[in-house]
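Structural features, examined
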Amino acid sequence: MGAMHATLLDSLDLDHDGHVSRAELHTAARALKWDWYEAPFFALLDLFTIPGPLSRKRFAACMRAIRSDPLGPYGHILQHAPLLDPDQGMQKNRRKTPAWPTDKLPSHYPQPLASIDKKESGMAVVLKEGLGAGVAAGYGQLVDGLEVIRCAADSTAVLLIDPQRSFTAGAWMQSIGARGTEDVVPIKQAFVSCAKLLGKCYHILEIMFTRCPFPPTSYGWDERLDGMIDAAQLYFIKPGNSVLFPPHNGFKEWVGHCLQDGKKTLLMGGCTLNSCVRVSAIETQRLFAHHDLQVVVDLNLSGARLRNYAPNPQFDGMSAVASAVRQMLAAGVQVVRGVTFYK
């Protein structure tokens, strides 16, 4: 092992046993004050240490692969990540999907149409409080034009995009400035809905996640989902807006497995609606449309900055959110106001 690699491993190997565990990685990264510069490397090591500690030999091999690849931690090293390892990855980590017991069918999610019409949705309340009744009404009109659809549990997979604390309490929120706490309220509301979905369907539906590389203190799951997601849950590293980059992050392989299992619907949610969700949904629909995969974006599971729900001249008087919905629909993505699942 090179001297630099050995020094780095020694700084992470807190109990000096020649291995770096996930707990050691997180503790050491915080102590070393890793920040944005180290975030891509931290994300890679976090993913690689989910199945177990990294040995000195494997750590050195990872470092060599990163240094020799133009994409660094986003390059071919990801082909050796746990998700794509046949002995420990995709098949072992995917949601177990046994036959859905009739006595444990989840209640409709979200509420049936009759209930939705009688009571304002959580997002409508958020928008009314943050931007006024006019904006809330405009969003309501947008949502009213969309369906609540029924999806078969055994033919549906779910991708939740970046449900991380960075967007609600960490580095991303803080980068917005003084209005950050106010601006992320719709994202928090979306994560509440994501948590409700996990509470009912996490071990029944095929569910996966993406994560953006953020500094260690902002990398974890949002507090609304943190205790609900398995510690061994794998995920796709996604540094930009598209889940298709990096090309070796495992997403395309996961979709391929889902299609082989008869999954014809990919339900997406998360944040942010007008950037990562929009781009990922459109690009996935285009790539897999010839496989008869239908990408569905559930607005109930998706959130954006508060300001992006307000009309904006940049989008011909529409909001950024309304423009994103229009773009997704034009690309063949089905955008819905909610989903109910059935056996």
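Use the structure listed above.
Conventions used here
Residues numbered from 1 in each chain as written. Predicted model: local features only at pLDDT ≥ 70, side-chain atom pairs only at ≥ 80, totals over all residues. Heavy atoms only, no water. Helix = DSSP H or I, 4+ residues; strand = E, 2+ residues; numbered from the N terminus. Buried < 20%, exposed > 50% of the residue type's maximum accessible area, 1.4 Å probe, protein only. 1 Å grid on protein atoms, 1.4 Å probe; cavity = no way out; pocket = protein on both sides within 12 Å on 5 of 7 lines; lining within 4 Å. Points joined across faces, edges and corners; volume = space filled by probe spheres on them. Expected span 1.5 Å × (residues − 1). Salt bridge = Lys/Arg side-chain N within 4 Å of Asp/Glu carboxyl O. Disulfide = S-S within 2.5 Å. Axes fitted to C-alpha atoms, helices over the stretch in contact; angles between N-to-C directions. Parallel < 35°, antiparallel > 145°, perpendicular 65-115°, else oblique. Left-handed = near helix turned anticlockwise from the far one by under 90°. Contact = heavy atoms within 4.5 Å. Nonpolar A, V, L, I, M, F, W, Y, C, P; charged D, E, K, R; others polar. Pairing = 2+ DSSP bridges.

1. Concerning the environment of leucine 234
With respect to the secondary-structure elements, leucine 234 resides in the loop between β5 (206-211) and β6 (236-237). For leucine 234, a relative accessible area of 2% translates into the label buried. C-alpha of leucine 234 to C-alpha of arginine 211: the two residues are 23 residues apart in sequence and 9.9 Å apart in space.

2. With respect to empty space enclosed by the protein
Across all of its chains, the model carries one cavity of 30 Å³ or more by this definition. The volume enclosed by the largest cavity comes to roughly 50 Å³. Elements that contribute at least two residues to the lining of the largest cavity include exactly α12 (251-260) and β7 (265-271).

3. Details of helix α11 (residues 185-201)
The end-to-end C-alpha distance of α11, which contains 17 residues, comes to 24 Å, matching closely the 24 Å that a straight helix rising 1.5 Å per residue would cover. Looking at α11, one finds that the buried residues are Pro186, Ile187, Ala190, Phe191, Ser193, Cys194, Ala195, Leu197, Leu198 and Cys201.

4. Observations regarding the pattern of salt bridges
Under the criterion given, the structure shown has nine salt bridges. Between aspartate 46 and arginine 22 there is a salt bridge, and its shortest N-O distance comes to 2.9 Å. In this pair, aspartate 46 is assigned in helix α3 (residues 39-48) and arginine 22 in helix α2 (residues 22-31), connecting sequence segments 24 residues apart. Residue class for aspartate 46 comes out buried when judged on its relative accessible area of 0%. Of the residues examined, arginine 22 reaches a relative accessible area of 22% and is grouped as partly exposed. Arginine 179 is the partner of glutamate 182 in a salt bridge, and the nearest nitrogen-oxygen pair spans 3.9 Å. Given the relative accessible area of 38%, glutamate 182 is considered partly exposed. Under the relative-accessibility criterion, arginine 179 is labelled partly exposed at 43%.

5. Comments concerning unusual backbone geometry
The amide bond that connects phenylalanine 245 to the next residue, proline 246, takes the cis arrangement and shows omega of 5 degrees. Tracing the backbone shows proline 246 in the loop between β6 and α12. Cis peptide bonds are those with omega within 30 degrees of zero, and the linkage from cysteine 271 to threonine 272 qualifies with -10 degrees. With respect to the helices, strands and loops of the structure, threonine 272 is situated in the loop between β7 and α13 (273-288).

6. Overview of the state of the cysteines
On inspection of all chains with the given rule, the structure shows zero disulfides. Among the cysteines around cysteine 194, which has no disulfide bond, cysteine 271 carries the closest sulfur, lying 8.7 Å off. Relative accessible area serves as the criterion here: at 0%, cysteine 194 is assigned to the buried category. Unpaired in this structure, cysteine 212 has its nearest cysteine sulfur neighbour in cysteine 276, at a distance of 5.1 Å.

7. Things to note about the packing of helix α7 (residues 122-131) against helix α8 (residues 133-144)
Put simply, α7 and α8 touch, their axes get as near as 7 Å, and they point 150 degrees apart. For the element pair α7 / α8, the angle class is roughly antiparallel. Handedness of the α7/α8 crossing: right-handed. Contacts between α7 and α8 involve Met123, Ala124, Leu127, Lys128 and Leu131 on the former and, on the latter, Ala133, Val135, Ala136 and Tyr139. Here the contact of α7 with α8 is built from residues that sort into eight nonpolar, no polar and one charged.

8. A look at the sheet that holds β5
Read across the open sheet, the six strands follow the order β6-β5-β4-β7-β8-β9; overall the sheet is parallel. This sheet does not close on itself; its edge strands, each paired only once, are β6 and β9 (334-336). Pairing between β5 and β6: two bridges, direction parallel. Its bridge partner lying in β6, threonine 210 is registered against phenylalanine 236.

The analysis is restricted to geometry; functional conclusions fall outside its scope.
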